[in-house]
Amino acid sequence: MIFSMSKTVLSSLFSKPSTRLYPITQRVPFKNTRGKIEIDIAACTFCGLCSKKCPTSAITVTRADKKWEINRLQCLACDYCVLVCPKKCLTMENAYTTPAVATSKDSFKVARVPDNTADSKDS
Amino acid sequence: MSKRTIIPFGPQHPVLPEPIHLDLVVEDEKVIEAIPSIGFIHRGLEKLVEKKDFIDYVYVAERICGICSAIHGQTYCQAVEEVMNIAVPERALYLRTIWGELSRVHSHLLWLGLMADGFGFEALFMHCWRLRETVLDMIEETTGGRVIFGSCKVGGVRKDIDKPTLERIVAKLNGMEKEIKEVTDVFIVDRSVKHRTVGVGVLSKQDAYELGAVGPTMRASGINQDMRKLGYAAYKQLKFEPIVETAGDSYSRCVVRIKEIFQSIDLIRQAAVQLPEGPIDVKVTGTPSGEFFARTEQPRGEVIYYLKANGTRFLQRLRVRTPTFANIPALVKLLQGCELADVPILALTIDPCISCTER
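Residues numbered from 1 in each chain as written. Chains lettered and ligands numbered in written order. Predicted model: local features only at pLDDT ≥ 70, side-chain atom pairs only at ≥ 80, totals over all residues.

As for the interface of chain B and chain A
Turning to step 1, where the next piece is worked out: Listed by partner, the interface residues are 21 residues for chain B and 17 residues for chain A.
Turning to step 2, where the next piece is worked out: For the side of chain B that touches chain A, the secondary-structure elements that each account for two or more residues are α2 (57-62), α5 (122-143) and α6 (163-189) of chain B.
Turning to step 3, where the next piece is worked out: Broken down by element, the side of chain B that touches chain A gets its largest block of residues, eight residues, from α5(B).
Turning to step 4, where the next piece is worked out: Per-class residue counts for the side of chain B that touches chain A are seven nonpolar, six polar and eight charged. (Contact = placed C-beta atoms within 7 Å. Helix = DSSP H or I, 4+ residues; strand = E, 2+ residues; numbered from the N terminus. Nonpolar A, V, L, I, M, F, W, Y, C, P; charged D, E, K, R; others polar.)

Considering the pairing of strand β8 (residues 315-321) of chain B
Turning to step 1, where the next piece is worked out: By the bridge criterion, six bridges tie strand β7 (residues 301-310) of chain B to β8(B) in an arrangement that is antiparallel. Within β8(B), the position partnered with B:Lys308 by the bridge is B:Arg317. (Pairing = 2+ DSSP bridges.)

Observations concerning the confidence of the model for chain B
All names here are of chain B.
Turning to step 1, where the next piece is worked out: Summary statistics for chain B give a mean pLDDT of 87 and a share of 100% for residues scoring 70 or more.
Turning to step 2, where the next piece is worked out: The element-level mean pLDDT for chain B is lowest in helix α13 (residues 354-358), coming to 83, with helix α10 (residues 250-274) highest at 91.
Turning to step 3, where the next piece is worked out: For this predicted complex, the interface score ipTM comes out at 0.77, alongside a pTM of 0.87. (pLDDT = per-residue confidence, 0-100.)

Section: the packing of helix α3 (residues 69-84) of chain B against helix α4 (residues 90-118) of chain B
All names here are of chain B.
Turning to step 1, where the next piece is worked out: Where α3 meets α4, the axes come as close as 8 Å, and the angle between the chain directions of the two elements is 145°. Contacts between α3 and α4 involve Ala70, Ile71 and Gln74 from the first element and Arg96, Trp99, Gly100 and Ser103 from the second.
Turning to step 2, where the next piece is worked out: Among the residues making up the contact of α3 with α4, the classes are represented as three nonpolar, three polar and one charged. (Axes fitted to C-alpha atoms, helices over the stretch in contact; angles between N-to-C directions.)

Have a look at this one:
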């Protein structure tokens, strides 16, 4: 048979394209899509379990500075930190990280509201 | 006797995005011998098992391969569960089966596309991948990842598929069957395609058996063996027969994979009907001690996970024998005596996945 492909070719000729005009029409991610990790830093207790369990060691937690850092290019969005977090302050967003040209760490720090004690002089 | 020349094939070759190197000893246009060498992307994932907690290693096991990731994770989990005597809930077993079969459908559609690209049929390649994209969407909707599922864990699965979603997926697959048939029929009946595949690279039944070929490569040579028949996951409750062809040429290998797409869709349909209600995971306590061989059927063939645990949280040894590794001797045999122009097609027909092979 020679023209076995003709039906498919004709139907795709008269149907709308299967691809998107990317920057103009953007793909809507699914609810479940593993995009990127977000943290509610106010709820974090800096236990460091997420960084211990991370398969690629993308997360660094510094308890002393109350700092939580993630290397976005190292993170493989496996969702495991979200699962193990005891405070459930980590969430998986369904939007991907924006393209990057250099490795950088996204760092989150607890913003302390200075009170009228000796601490306020330090800050 | 004409002069012998050695032509290098790969590790960078347009037809194969994965790094395998073949030294082709040719006499005129005939390949006399092919000497394979691998080792370009060795990552040492087997050694990593000594440093990762056995529960966490699932995420690494899934990333051994970018295409059959679901089944890699599943096989690892099965091996650990067997060592620890964990009874996995029925629902989890069914969900693993559904995801495993979805991954088979997408892997075979990917392969058909690559094959079409291999013999220079660009339009067919695009159509195969267009259909594959629909399957990838189903996978993403249910697990969150397009090719890395991340849904399996020791003791069950991490995500559930609710009834309306599953029904929608099955309805979509039912609708897709016709479309897939239209596209795959080109591989089966088209004259110019058949010119490239029929009678090319014949692997006899005896050779397939002696060289230890696995998966569709072996089934195309007439050996009736499918690891799913061992009855792991939910396969013991599902009705299916391994697809076997007898000619052993590139065409048969193609036909086996095409028929397996429809078989997988049928298995998903069956599993969706039988899917029991209940929990999707059990709590895992304690540490594994002992050793086990887990064997499952990947899109490319049989994969073996051997693991040895010594009662700590870190496994002592993990060995992964991937299907491509077992199929390389068969490939070397296929290449002996073929035309130089057929080498890319023949290398493709075993569906090589070198990332798997080197781990």
